[in-house]
Amino acid sequence: MSPHGNGKLSVMYLQEFVLEVFIGGLETQALLFALFLALYLVAILGNLTMTVVITLDGHLHSPMYFFLKNLSFLGLCYSSVIYLKALEDFLSSSKVITFVGCGTQFFFFSLLVSTEAFLLAVMAYDRFLATFRPLHYPTTMYPSACAHLVLGSYCGGCFNSIMQTSFTFSLLFCSRNHIDHFCDVLPLLKLACGDTAINKLVMFGLCGLLIVSTTIMVLISYGCITVTILRMCSGAGRHKLFSTCGSHMTAVSLFYGTGFVMYVQPGAVESMKQGKVVSVFYTAVIPMLNPLIYSLRKKDVKDVLWRLGQKHTAMLRRVARETECPEGRIIDSSEPQILHMDAETSSATGGE
């Protein structure tokens, strides 16, 4: 901490923060550690499984699953940015994070969450094209175009993160250094010295622009798709289209709903207790739910997982048979050939 003198007033500027994840005794901390570890492991395993399955299986090499793979990667990363430190703090008595560490956590979390907001809008646009321009869809959403859309999502997220981080950490932090949950813009603004009106304006402006613009894209895309579904005479076609888009609509509702409650609603800066609960939901629960939502509702993913399970089971059975085979014997298809040769040899010997 470095002192700052201003007349008779001396202020100590903060160089570290204390993360107050959840307050409680040792039993409470142990219970919360087990709960958050379970949520984190499910999120990691689910998102990692989706990423690996989509990468390895050629049946899933389509624009929709390319975007879904990137969505799983984002969930994998931003849950790790928050909860690796949170799990460490549950087992630690100090719960301290340095000024640089807080800035790093803030930057990457803002980058990943902003990128996910753009990517969900891109996925809605992809479903819109697939529904209304199916003949032109392969020529419109070709691989390089998909890569450019994902890159644009990352660029938009990076711009928002740079702006948020530079404005927030240009403030001077003094007095109380306890942060609720993790290094996010709302708890940091509560610790800042001096006037934060410009920072609040920038935060509401950027978050509002990001959430509103991407939400409008999503609403227009899925509004048109919903009208198309309602106008369909074929029940099978209606079910197929709804099952294709239903999982994405569920994920979009969860993500944008919590983002709006957290950052855009009036009085968001003051409602810190509510903000802690909501932040837990979108940093731990949503990354855990996304793989379950997409894998359970999409037949392609379920079919691939079933095939991989069958292949894995067959491999285990083959290994078990090879293990049970007596030492020195040749197994499977080559064994009958050996027996046949032995029979011919014995018959020839007997003939002599």
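Everything below is about the structure shown above.
Residues numbered from 1 in each chain as written. Predicted model: local features only at pLDDT ≥ 70, side-chain atom pairs only at ≥ 80, totals over all residues. Heavy atoms only, no water.

**Q** Any chance you could explain the packing of aromatic side chains here in plain terms?
**A** All chains considered together, the criterion is met by eight aromatic pairs. Aromatic pair Phe-36 and Phe-90: ring centres 5.5 Å apart, planes at 40 degrees, arrangement tilted. Placement of Phe-36 in helix H1 (residues 26-56) and of Phe-90 in helix H2 (residues 63-90) is noted, with a sequence separation of 54 residues between them. On the basis of relative accessibility, which here comes to 3%, the residue Phe-36 falls in the buried class. Of the residues examined, Phe-90 reaches a relative accessible area of 6% and is grouped as buried. Note on Phe-107 and Phe-108: the rings are 5.3 Å apart at their centroids and 85 degrees apart in plane angle, and the pair reads as edge-to-face. When its relative accessible area of 23% is taken as the criterion, Phe-107 is described as partly exposed. You can call Phe-108 partly exposed: its relative accessible area is 39%. Linked through ring pairs, Phe-36, Tyr-83 and Phe-90 together constitute an aromatic cluster. (Phe/Tyr/Trp six-rings, centres within 6.5 Å; stacked < 30°, edge-to-face > 60°. Helix = DSSP H or I, 4+ residues; strand = E, 2+ residues; numbered from the N terminus. Buried < 20%, exposed > 50% of the residue type's maximum accessible area, 1.4 Å probe, protein only.)

**Q** What's the story with the pattern of salt bridges in this structure? I'm lost.
**A** Opposite charge on two side chains permits pairing when their charged atoms draw close. Counted according to the given criterion, the structure contains three salt bridges. The salt bridge partner of Lys-85 is Asp-89, with a shortest N-O separation of 3.5 Å. Residue Lys-85 and its partner Asp-89 are located together in helix H2, separated by four residues, close to a single helical turn. Taken individually, Lys-85 and Asp-89 each receive the classification buried, so the pair is uniform in this respect. (Salt bridge = Lys/Arg side-chain N within 4 Å of Asp/Glu carboxyl O.)

Function-wise, these values are silent; they only describe arrangement.
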